[in-house]
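Understanding the architecture of this molecule
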Amino acid sequence: MLRRALASAPGKVILFGEHFVVYDKPALVSAIELRARVEAAEAAWEGVRLASGGRDNPAVRAAEYLAERVGLRRGLSLRIESEIPASVGLGSSASVSVAAAAATSILGLRRIELELVREAAGEGERLVHYNPSGIDTAIAVYGGGGVYRRSEGLSSERFHLDRILIIDTGKARRTGEMVRRVRVYAEENPGEFRRLLEEMERLAGEALDALRGPDLQKLGALMSRNQEMLRKVGVSSPEIEEAIGLALKAGALGAKLTGGGGGGCVIAVAEEDKLENVARVVSRRFRTLAPRLMAEGVREEEPG
Ligand code: PMV
């Protein structure tokens, strides 16, 4: 009999520290309630393919890696469904890779082996990213929220922030290209880049305190400062600046890009009673979402 398994994994928002996290500085990250679901079905062929056709996909690479590690000999067909918009900084490729690896883990081991799934999804990410820090795959596996450092992994934290406003500028871009852009900045401005890395270390600590409070005023001010740093290293864009301007004018306490930048998404914080108004104003120009934070990590689902 050909068996099937289904798993899902959440998307994410980086609240602070994207790009600097590639250089081993701390980043604050939370899973969001938008999820990707992947069904892995044993198939008559060899190797892993998408049900929709094609193989050049991080989910395929992640499933292949995991199948090989656990000695799963049958071919697999992957069916992907995702609520997470792609290429806008919300971790969609990591979520599908994690869900694909988890579904394969269920077929091979009858359970989701979390660390192996993270490793397999990291292999998938290498197809689409340039030098990934691993933050996206770690949060998609473990869920919740926390501080991520490349050399130490994810340390879980309970953030006292229920929702955040996400503004999708609608401009897709490649994270790898943005990471390269920062590398060029670092090579051309070594002294300034070192100062920014030191500042990121301090800012992440202050942001963690503000999130534990929560102190929304402080959080907003720190977000705006983090945005200045990201602008300096060249990963902002006219769309991002426009979205931030609109959010601040409508009453947000702070806003910044999230993820790779160069387009993609912006996040904004506001007092709870103002959030809806900020969303209403901004959504005349951009698509907005306000997903719940601290979502559950990868999990098995009942195949339909
Ligand atoms: O654009 P996303 O969702 O893949 O986020 C990338 C985060 C970066 O810090 C820019 C890159 C990385 O590997 O950490």
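What counts and how
- Residues numbered from 1 in each chain as written.
- Predicted model: local features only at pLDDT ≥ 70, side-chain atom pairs only at ≥ 80, totals over all residues.
- Heavy atoms only, no water.
- Near = heavy atom within 4 Å.
- Polar contact = N/O pair within 3.5 Å; in protein donor to acceptor, adjacent residues only side chain to side chain.
- Areas by Shrake-Rupley, 256 points an atom, 1.4 Å probe, with all protein chains shown as cover.
- 1 Å grid on protein atoms, 1.4 Å probe; cavity = no way out; pocket = protein on both sides within 12 Å on 5 of 7 lines; lining within 4 Å.
- Sits in = over half its atoms within 2 Å of the grid points.
- Points joined across faces, edges and corners; volume = space filled by probe spheres on them.
- Helix = DSSP H or I, 4+ residues; strand = E, 2+ residues; numbered from the N terminus.
- Nonpolar A, V, L, I, M, F, W, Y, C, P; charged D, E, K, R; others polar.
- Axes fitted to C-alpha atoms, helices over the stretch in contact; angles between N-to-C directions.
- Parallel < 35°, antiparallel > 145°, perpendicular 65-115°, else oblique.
- Left-handed = near helix turned anticlockwise from the far one by under 90°.
- Contact = heavy atoms within 4.5 Å.
- Buried < 20%, exposed > 50% of the residue type's maximum accessible area, 1.4 Å probe, protein only.
- Salt bridge = Lys/Arg side-chain N within 4 Å of Asp/Glu carboxyl O.

Another point: the site of the ligand. What surrounds the ligand is a group of 18 residues, the closest being Lys12, His19, Ser133, Arg173 and Thr175. Lys12 is positioned such that a nitrogen or oxygen atom in its side chain is 2.6 Å from an oxygen atom of the ligand. Isolated, the ligand exposes 380 Å² of accessible area, and the fraction of that covered by the protein chains is 96%. More than half of the atoms of the ligand fall within 2 Å of the grid points belonging to the largest pocket.

Empty space within the largest pocket amounts to approximately 780 Å³. If you go around the largest pocket, you meet 43 residues; those closest to its centre are Ser93, Glu125, Val128, His129 and Asp136. Elements supplying a minimum of two residues to the lining of the largest pocket: β1 (4-16), α2 (92-109), α3 (114-128), α4 (135-142) and α5 (175-188). Residues of the lining of the largest pocket, tallied by class, amount to 16 nonpolar, 16 polar and eleven charged. Of the voids in this model, the second largest pocket is the one considered here, and its volume is about 320 Å³. Mapped by element, the contributors of at least two residues to the lining of the second largest pocket are β9 (265-269) and α9 (272-282).

So, about the packing of helix α1 (residues 58-70) against α2. Each pair of packed helices can be described by the angle between their axes along with the distance between the axes. As a packed pair, α1 and α2 sit with axes 8 Å apart at the nearest point and diverge in direction by 30°. What the angle tells us is that α1 and α2 run roughly parallel. For the pair α1 and α2, the crossing hand works out as right-handed. From α1, Pro58, Ala59, Ala62, Ala63, Leu66, Ala67 and Val70 reach across to α2, where they touch Ser93, Val96, Ser97, Ala100, Ala101, Thr104, Ser105, Gly108 and Leu109. Classifying every residue of the contact of α1 with α2 gives eleven nonpolar, five polar and no charged.

Next up on the list: the environment of Ile80. Take Ile80: it is sitting in strand β4 (residues 75-82). Each C-alpha atom, one on Ile80 and one on Ser30, is 23 Å from the other, the two residues being 50 residues apart in sequence. Those residues in contact with Ile80, other than ones at most four positions away along the chain, are Arg37, Val38, Leu50, Asn57, Ala59 and Val96.

As a further point, take unusual backbone geometry. For the peptide bond that leads from Gly213 to Pro214, omega is -5°, which places it in the cis range. Mapped onto the elements, Pro214 comes out in the loop between α6 (190-212) and α7 (216-232). You will see that Met294, though not glycine, has its phi angle at about 60°, which is positive. Structurally, Met294 can be placed in the loop between β10 (287-289) and β11 (299-301). The class of Met294 is buried, set by a relative accessible area of 17%.

Next up on the list: the packing of α2 against α3. Taken N-terminus to C-terminus, the directions of α2 and α3 make an angle of 140°; their axes are 8 Å apart at the nearest point. As far as their axial angle goes, α3 and α2 are oblique. Considering the relative orientation of α2 and α3, their crossing is right-handed. Contact residues: Ser93, Ala94, Ser97, Val98, Ala101, Ala102, Ser105 and Leu109 in α2; Leu116, Val117, Ala120, Ala121, Gly124, Glu125 and Val128 in α3. Of the residues contributing to the contact of α2 with α3, the split by class is ten nonpolar, four polar and one charged.

Our next topic: the pattern of salt bridges. Tallied over the full model, the rule gives 28 salt bridges. Put simply, Arg37 and Glu83 hold a salt bridge, and the shortest N to O gap is 3.3 Å. Separated by 46 residues along the polypeptide, Arg37 in strand β2 (residues 27-43) and Glu83 in the loop between β4 and α2 bring together distant segments of the chain. A relative accessible area of 23% places Arg37 in the partly exposed class. The exposure class assigned to Glu83 is partly exposed, which follows from its relative accessible area of 41%.

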